[in-house]
Amino acid sequence: MEAPQYVAARVQAALAEDGRTHELGIRVDIRGDQLFLRGQVSGAEQRERLGLVAHEAAPDLRVHNEIMVVDFTEPGEDEHLD
């Protein structure tokens, strides 16, 4: 059986290199036969793609997609300090 840290590294590399995701900021934790994805993305579609790529990279593990979808909006008006 492959060491958990090697599985986590393989999944993180897949998330970063796969053309569907290109995501660097997702944390991958392995506990037994469970794989946990944690982090933040700007859309539900990206969250789902990350779960799919993780499952493809580690098909023998049960993937828990705990990635949060947050709203990254443009900043408002410039603040002028006098």
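Shown above is the structure to which this text applies.
The model shown is predicted, which means the values in this text are computed figures rather than measured ones. Numbering of residues starts from 1 in every chain and runs along the sequence as written. Since the coordinates come from a predicted model, pLDDT governs what is reported: local features require at least 70, and pairs of side-chain atoms require 80 or more to be given and counted, while whole-chain, interface and lining totals use all residues. The basis for the side-chain values is all heavy atoms of the structure; hydrogens and waters are excluded.

Draft legend 1. Representation of the sheet that holds strand β4 (residues 62-65) in the model. By this definition, two strands are paired if DSSP reports at least two bridges between them. Secondary structure elements are defined from DSSP: runs of H or I of at least 4 residues count as helices, runs of E of at least 2 residues count as strands, and each element is numbered from the N terminus. Read from one edge to the other, the open sheet built from 3 strands follows the order β1-β2-β4, with strand pairing classed as mixed. Of all the strands in the sheet, the pair left with one neighbour each is β1 (27-31) and β4. With strand direction ignored, the average angle separating the axes of adjacent strands in the sheet is 20°. Relative to strand β2 (residues 34-38), β1 is paired through 5 bridges, and the arrangement is antiparallel. Its bridge partner being in β2, Arg27 is matched across the sheet by Arg38. Strand contacts of helix α2 (residues 44-57): β2 and β4, with the helix running at about 160° to β4, the strand carrying the most contacts. Helix axes are fitted to C-alpha atoms over the stretch in contact, other axes to C-alpha atoms as well, and angles between N-to-C directions run from 0 to 180 degrees. Contacts between residues were defined by any pair of non-hydrogen atoms, one from each residue, lying within 4.5 Å.

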